[in-house]
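One-letter residues, chain by chain:
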2 protein chains.
Amino acid sequence: MDRREEIYEKSLELFIENGYVQTPLSRIAGALNLTKAGLYHYFKSKEELLFFIHEHNLKKDFIPTLDAAEKISDPEGRITHFLKNYMQRSLTKNAAAKMLIQEANKLKPEHHEKIKKVWRRAFDLIYNAISELEEAGKVERVNKTFATFAAIGMCSWTFYWFDYDRRESGRELSDNYIKIFFKGLLKD
Amino acid sequence: MDRREEIYEKSLELFIENGYVQTPLSRIAGALNLTKAGLYHYFKSKEELLFFIHEHNLKKDFIPTLDAAEKISDPEGRITHFLKNYMQRSLTKNAAAKMLIQEANKLKPEHHEKIKKVWRRAFDLIYNAISELEEAGKVERVNKTFATFAAIGMCSWTFYWFDYDRRESGRELSDNYIKIFFKGLLKD
């Protein structure tokens with residue numbers, strides 16, 4: 001395994017377990033059999049490490065989900081693909097998304113902005129798909145921004161209550177959410 | 001104003017502004033023109049203060065919302081009353097609910113349990129109302145636990161994106177969420 005990948009895995013694990021603020025770099029270095037100076041060779045600060053974990057995590061699961069969804073021309077299919085994979089590949093897989101979303105405000109403003117840009121792609125994907133459905137006369141009268149956040153919110157809130165020891169229920173959960181959302185949004 | 005009420009207001013404000021971990025008791029005491037020993041007269045630790053803020057905040061808005069909703073016999077009306085008031089009196093009023101939910105894991109386990117018991121009342125209220133609607137043959141085939149979390153999640157996620165300078169939109173927002181949720185849940 002690549003050394004940075006190893007640092008990613010271990011610090012993600014420790015941040016999930018003990019929180020970002022409560023995990024000193026020296027502890028991460030120790031768990032990797034590195035000196036603190038050795039770890040500084042890869043990351044100049046704990047914040048830089050947190051940003052790397054954020055970016056790396058998004059590249060693994062969330063960005064591929066967005067890339068694939070954006071290619072789907074049918075707007076209902078596009079939202080469905082995004083929500084299903086966001087639920088199954090990110091939110092119900094492990095507690096990484098939970099930790100990263102909750103600690104995002106510990107990032108420097110310029111780093112936080114970069115992460116928010118990726119999140120913004122998800123908002124735009126859903127919002128634009130709802131707009132297409134609306135133009136086709138298929139949508140109930142609804143505020144499109146609020147409908148977009150309804151979908152994002154019901155999915156994202158999952159990390160506050162989901163039991164990662166029962167992750168096999170992630171599929172049923174995402175199916176239920178997608179069903180409730182579309183039935184709520186679309187005209188009969 | 002009662003002294004404990006004053007401490008509540010000021011520490012809530014400072015915790016919202018700077019985070020719980022980043023706000024030392026000495027700073028709170030200073031902002032109240034108290035010595036640290038003076039503040040300790042009221043609260044033996046920062047955690048005790050956080051717990052007091054949690055309980056006091058719930059008593060002001062969330063528990064009255066639950067009390068009133070639980071008295072409504074119509075299950076649709078019960079869920080509507082709860083979601084509307086949870087949105088308007090807690091989530092879109094100010095950032096207190098945001099801070100308290102995000103910092104709840106800083107409470108001692110026995111304090112955290114007491115707060116979770118109140119939250120559990122909200123879950124039960126929605127779950128039981130959905131059960132009644134289901135017995136009356138009014139509900140789509142859906143996992144009731146997941147449907148309950150869909151409602152709680154879409155509402156609660158609000159604090160991640162809501163602009164408290166535009167709190168007048170809270171009413172339209174809660175109306176949209178309630179409409180999407182019931183149309184998603186109920187048979188036509």
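Quick notes on the rules
- All residue numbers refer to positions counted from 1 along the written sequence of the respective chain.
- The naming scheme follows written order: chains are lettered A onward, ligands numbered 1 onward.
- Totals for whole chains, interfaces and linings use every residue, but because this is a predicted model, local features are given only for residues with pLDDT of at least 70 and side-chain atom pairs only at 80 or more, for both listing and counting.
- Excluding hydrogens and water, the side-chain values take into account all heavy atoms of the structure.
- Going along the chain from the N terminus, every DSSP run of H or I of four or more residues is numbered as a helix, and every run of E of two or more is numbered as a strand.
- Only protein chains enter the accessibility calculation, which uses a 1.4 Å probe. A residue is then buried if its area is under 20% of the maximum for its type, exposed if over 50%, and partly exposed in between.
- The protein chains shown are the only cover counted for residues, whose accessible areas, like all others here, come from Shrake-Rupley with a 1.4 Å probe.
- In this tally, Asp and Glu contribute negative charge and Lys and Arg positive charge; neither His nor the terminal groups of the chain are included.
- Taken as the charge location is NZ of Lys, CZ of Arg, CG of Asp or CD of Glu.
- We call two residues in contact whenever any of their non-hydrogen atoms come within 4.5 Å of each other.
- Accessible-area loss on putting two parts together, using a 1.4 Å probe and summing over both, is the definition of buried area adopted here.
- We count a salt bridge whenever a side-chain nitrogen from Lys or Arg sits within 4 Å of a carboxyl oxygen from Asp or Glu.
- Here, the term nonpolar core denotes a set of buried Ala, Val, Leu, Ile, Met, Phe, Trp, Tyr and Cys residues that are joined through side-chain atoms within 4.5 Å.

Participant: Give a description of the overall build of chain A that names residues and reports values.
Facilitator: Within chain A, the regular secondary structure consists of 9 helices and 0 strands. Taken over the C-alpha atoms alone, chain A extends approximately 60 × 35 × 25 Å along its principal axes. In chain A, buried positions account for 53% of the 188 residues. In the structure as shown, chain A presents an accessible area of about 8800 Å², 48% of it carried by carbon and sulfur atoms. Computing the positive centroid from 31 side-chain charges and the negative centroid from 28, chain A places the two 2 Å apart.

Participant: I'd like a rundown of the interface of chain B and chain A, residues and numbers included.
Facilitator: Interface size, as often reported, equals the accessible area lost upon joining of the parts. The interface of chain B with chain A comprises 33 residues on the first partner and 33 residues on the second. Both sides of the chain B and chain A interface together cover about 3000 Å² of buried area, and 68% of this is carbon and sulfur. Three residues stand out in chain B for area buried against chain A, namely Phe146, Trp157 and Lys183 of chain B, and they jointly supply 25% of the buried area on that side. The interface formed by chain B and chain A contains 4 salt bridges.

Participant: For the nonpolar core, give the residues involved together with the corresponding values.
Facilitator: The biggest cluster of nonpolar side chains holds 132 residues, and the ones touching the most others in it are Phe82 of chain A together with Phe82 of chain B. For Phe82 of chain B, the contacting residues outside a window of four places in its chain are Phe62, Thr65, Leu66, Ala69, Ala122, Leu125 and Ile126 of chain B.

Participant: Lay out the environment of Tyr20 of chain A in plain terms, naming residues and giving numbers.
Facilitator: Residues and elements named next belong to chain A. With respect to the helices and strands, the residue Tyr20 is situated in the loop between helix H1 (3–18) and helix H2 (25–31). Here Tyr20 falls in the buried class, since its relative accessible area comes to 7%. Each C-alpha atom, one on Tyr20 and one on Lys84, is 28 Å from the other, the two residues being 64 residues apart in sequence. Filtering out sequence-adjacent residues up to four positions away, Tyr20 remains in contact with Phe15, Lys46, Glu47, Leu50, Glu103 and Lys106.

Participant: Please give an account of the pattern of salt bridges that cites residues and values.
Facilitator: A full pass over the atoms with the stated rule returns 30 salt bridges over all chains. One salt bridge connects Arg121 of chain B with Asp67 of chain B, and the closest N-O pair in it is separated by 2.8 Å. Taken as a pair, Arg121 of chain B in helix H7 (residues 109–135) and Asp67 of chain B in helix H4 (residues 46–70) lie far apart in primary sequence, 54 residues in all. When its relative accessible area of 27% is taken as the criterion, Arg121 of chain B is described as partly exposed. Since its relative accessible area comes to 33%, Asp67 of chain B is described here as partly exposed. Note that Glu113 of chain B and Lys116 of chain B form a salt bridge whose closest N and O atoms lie 3.5 Å from each other. Taken together, the residues Glu113 of chain B and Lys116 of chain B, both in helix H7 and 3 residues apart, mark about one turn of the helix. Note on Lys116 of chain B: relative accessible area 42%, which makes it partly exposed. Through salt bridges with shared partners, one network takes in Asp61, Arg89 and Lys93 of chain A.

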